[in-house]
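# Topology and contacts: notes
What follows is each chain in one-letter form.
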Amino acid sequence: MSLLRVEHLVVEFPGRRGTLRALDQVSFDIAPGEILGVVGESGAGKSLTGAAIIGLLEPPGHIAGGEIHLEGRRIDNLPPEQMRRIRGRKIGAIFQDPLTSLNPLYSIGRMLVETIMTHLPVSAAEARQRAIRLLKDTGIAAAAERIDHYPHQFSGGMRQRVVIALALAAEPQLIVADEPTTALDVSIQAQIIALLKRLCKERGAAVMLITHDMGVIAETCDRVAVMYAGRIAEIGPVHEIINQPAHPYTRGLMACIPDMTQERDLLHQIDGAMPRLTAIPPGCAFNPRCEQVFERCRQERPELLAAGPTRAACWLHASGGGEP
Amino acid sequence: MLAFILRRLVQAMIVMITVALIAFMLFQYVGDPVTFLLGQDVTPEESRALRAALGLDQPFVVQFWHFLANAAQGEFGFSLRQGVKVSTLIAERFPATIELALVAALLALVIGVPMGVYAALRRGSFLSQVFMTISLLGVSLPTFLIGILLILVFAVQLGWFPSFGRGEVVSIGGWTTGLLTAKGWHHITLPAVTLAIFQLTLIMRLVRAEMLEVLRTDYIKFARARGLTDRAVHFGHALKNTLVPVITITGLQLGGLIAFAIITETVFQWPGMGLLFIQAVNFADIPVMAAYLCLIALIFVVINLSVDLLYFVVDPRLRVDRAGGH
Ligand SMILES: Nc1ncnc2c1ncn2[C@@H]1O[C@H](COP(=O)(O)OP(=O)(O)O)[C@@H](O)[C@H]1O
Ligand code: SF4
Ligand SMILES: [Mg+2]
């Protein structure tokens, strides 16, 4: 059974000029211990998907359709108090910027102990021991001493280790990591990703890893979901997504990988830009930029369709082939 | 940190000397004290003798130095109006003002902070909007008007509280306090409320604004993502960060409370330093005015220093004693 199952998730922002549909029919699942990469251009809806899962969409944003199941239990409609108990305990979260993720007025030990004691029935002394062990596990030297230090006494990379320790403190089975290394120095990004991967593997925790970095995806993930304009364009095993992508958008993305090191945002190699939420075309959202577009693409929206080893939201893979 | 404190002490000294200079100039400005003391028709010899006796024949700098040395010992000479030593007069009035200001500050904090927190957490609720409307009134109504209104309603109409004086006071080692008797509390209520209202609304608005700001930060979002209770997030993480600027402002306001107690003290005939000062101004009682100026400046300076030190206690980022590894 899958650990997390997201079905036809719709997230909307009601506004003065009508309702914006930021996520539209997003469906995927994550198996226990699995690492699912989520890629896509900025604004594709990656962060919103993560926020919807942990139940922290910022109003007026809200789930307007679909369901989210964790370990077979529906969680998207839980009362706030019950959802709070799941956050941290069942689903941990890591955000982009370690410099601003930690309360400057709390020692890291206080935050760790507080988080542990919120969710687990342990004494304060025991919680502190656990906290020290966690810090050691995340590679912080002299953990027993540094536990009483404040965030400003740590470097950016060290702070992200603390953030990881905090996310793992109550032993969740799933970590939603939203671009956890984007704000860090390039030289330590790989270390932090490797650390996250190792710690989750040791604990059997699954990861939803949101990132821009195709290199990280290739090295870290088991499966990949490609998002485009609030929808999933393609999802499948990492090897197949990289080597034989089925969706024209994914193909465009993957064509860029060899050049990733050259500091160019090659996502834009595909002509045009992702449409704004107010201007998503009917049919396939990618159709204005697609080189293989045909009539059906402009009229009907494609569901995720089996496309060999992956599943792609593209009419090219309609059974029997849709090409004219 | 030591360097920081030293720097602040030097700044404080400069402020004090400047204020002392202004106070000292008051004496020059108001006219020749010799003429004042001896009248118009005196012989030049008499005048010169008195001048020498008072040290007035010495250069300006030397005179100022004497003034400073005396002031440092709390010595400001005799009140021109009452003929009593100024230091004695001030010492008599000092406790009344301090007690009034402290009670007002406490009132403002104890009511203002929770109101601000509520208005931030329940933004848009009916009660929050009521708070915000009241606070607008509090900020815009002048203190004397509030005082008079309170007297009108609670002293004249309802007769619940007395409208003037300190009531019964007890003397403890030279400090007269009204806070140990029921009558004293009865008397301090209206003036303290009057003095507190402006600060209260200020604190409430400040707390609300700061709290809203803090609630938007990443560390609050991350605290929620860890499943901490609303209570821990709001009253632990958020409130603590909110209080850092609130401490500063409130601390600085305390100086203002003491200084601006003048109006409240006048309205309620509260026998504090403010009332003393107003009377001194009416009679051009320079020594009393000078002493009051210096004392208020000293209070401001001491409060500022304490606020700076409090900052160190609250905000670990300012404590550089423990070197952080990077
Ligand atoms: N508070 C909001 N109000 C309106 N639209 C929003 C809001 N937050 C996000 N969106 C929209 O949702 C879309 C997806 O955002 P996001 O999930 O942050 O993208 P990303 O893939 O870069 O993480 C964006 O187009 C953004 O404009
Ligand atoms: S559905 Fe049509 S427009 Fe969309 S990606 Fe496939 S071929 Fe291109
Ligand atoms: Mg994002």
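The present account deals with the structure reproduced in this document. The written sequence of each chain sets the order in which its residues are numbered from 1. Written order determines the labels here, with chains lettered from A and ligands numbered from 1. Local features are withheld for residues below a pLDDT of 70 in this predicted model, meaning they are given only at 70 or higher, and side-chain atom pairs are given and counted only at 80 or more; totals for whole chains, interfaces and linings count all residues. Only heavy atoms go into the side-chain values, all of them from the structure, while hydrogens and water stay out.

## Quick word on the pairing of strand β3 (residues 35–39) of chain A
Residue and element names in this part refer to chain A. Between buried and exposed lies partly exposed: a residue is buried under 20% and exposed over 50% of the maximum accessible area for its type, with that area taken using a 1.4 Å probe on protein chains only. Numbered from the N terminus, helices here are DSSP runs of H or I no shorter than four residues, and strands are runs of E no shorter than two. With five of its five residues buried, β3 lies for the most part within the structure. Of the two faces of β3, both are covered, the one formed by Ile 35, Gly 37 and Val 39 as well as the one formed by Leu 36 and Val 38. Examined bridge by bridge, β3 and strand β8 (residues 206–210) share four bridges and lie parallel to one another. Considered in β8, the bridge of Val 38 is made with Ile 210. Only strands joined by at least two bridges in the DSSP assignment are considered to pair. Where β3 lies against strand β9 (residues 223–228), four bridges are found, and the strand directions are parallel. Within the sheet, the bridge partner assigned to Leu 36 lies in β9 and is Arg 223.

## Looking at the packing of helix α5 (residues 86–121) of chain B against helix α8 (residues 182–215) of chain B
To describe two helices that pack against each other, one gives the angle between their axes and the distance between the axes. Lines fitted to C-alpha atoms define the axes, with helix axes restricted to the stretch in contact, and inter-axis angles between N-to-C directions lie between 0 and 180 degrees. The interhelical angle for the contact between α5 of chain B and α8 of chain B, taken along N-to-C directions, is 35°, at an axis separation of 5 Å. α5 of chain B and α8 of chain B meet at a crossing whose hand is right-handed. A crossing counts as left-handed when the near helix is turned anticlockwise from the far one by less than a right angle, and as right-handed when that turn is clockwise.

## Comments concerning the site of ligand 2
Throughout this document, a residue counts as near a molecule or strand when at least one of its heavy atoms sits within 4 Å of that molecule or strand. Surrounding ligand 2, one finds His 247, Pro 248, Cys 284, Phe 286, Asn 287, Cys 290, Gln 292, Cys 297, Cys 314, Trp 315 and Leu 316 of chain A. Throughout, the ten residues Ala, Val, Leu, Ile, Met, Phe, Trp, Tyr, Cys and Pro are labelled nonpolar, Asp, Glu, Lys and Arg are labelled charged, and all others, Gly among them, are labelled polar. Its residues assigned to classes, the shell around ligand 2 shows eight nonpolar, three polar and no charged.

## Quick word on helix α5 (residues 124–137) of chain A
Residue and element names in this part refer to chain A. What a helix should span is 1.5 Å times the count of its residues minus one. Compared with the 20 Å implied by 1.5 Å per residue over 14 residues, the 20 Å span of α5 between its first and last C-alpha is a close match. Looking only at α5, the buried set comprises Ala 127, Ala 131, Ile 132, Leu 134 and Leu 135. Projection of α5 onto a plane perpendicular to its axis shows the buried side chains occupying an angular sector of 160°, all on one side. Away from the buried face of α5 by more than 90 degrees, exposed residues Ala 125 and Lys 136 are located. What makes two residues a contact is simply this: any of their non-hydrogen atoms within 4.5 Å. Where α5 is buried, its residues touch α4 (108–119), α6 (143–146), α7 (156–168) and α8 (186–203). Downstream of α5 by a residue or two, Gly 139 has a phi angle that is positive, lying close to 85°. Comment: arc refers to directions from the helix axis out to C-beta atoms.

## Topic: the pairing of β8 of chain A
Residue and element names in this part refer to chain A. Burial runs high along β8: five of the five residues are buried. Taken together, the five bridges between strand β7 (residues 174–178) and β8 define a ladder with parallel strand orientation. Looking at the pairing, Ile 175 lines up with Val 207 of β8. For the handedness criterion, the strands are oriented away from the viewer, and a crossover whose path from the first strand over the helix to the second runs clockwise is classed as right-handed. One crossover worth recording links β7 to the parallel β8 by way of α8, and it is right-handed.

## Details of the site of ligand 1
Residues and elements named next belong to chain A. Looking at ligand 1, the residues that line it are Phe 13, Ala 22, Glu 41, Ser 42, Gly 43, Ala 44, Gly 45, Lys 46, Ser 47, Leu 48 and Leu 277. N or O atoms closer than or at 3.5 Å make up a polar contact, with two conditions inside protein: a donor-capable atom paired with an acceptor-capable one, and, for residues adjacent in sequence, both atoms drawn from side chains. One of the backbone N or O atoms of Gly 43 is found 2.6 Å from an oxygen atom in ligand 1. The Shrake-Rupley method, run with a 1.4 Å probe sphere, supplies the accessible areas, and residue values consider only the shown protein chains as cover. Bound to the protein, ligand 1 loses 63% of the 560 Å² it would expose on its own. Sorting elements by how many residues they give to the shell around ligand 1 places helix α1 (residues 46–54) first, with three residues. Partitioning the shell around ligand 1 into residue classes produces five nonpolar, four polar and two charged.

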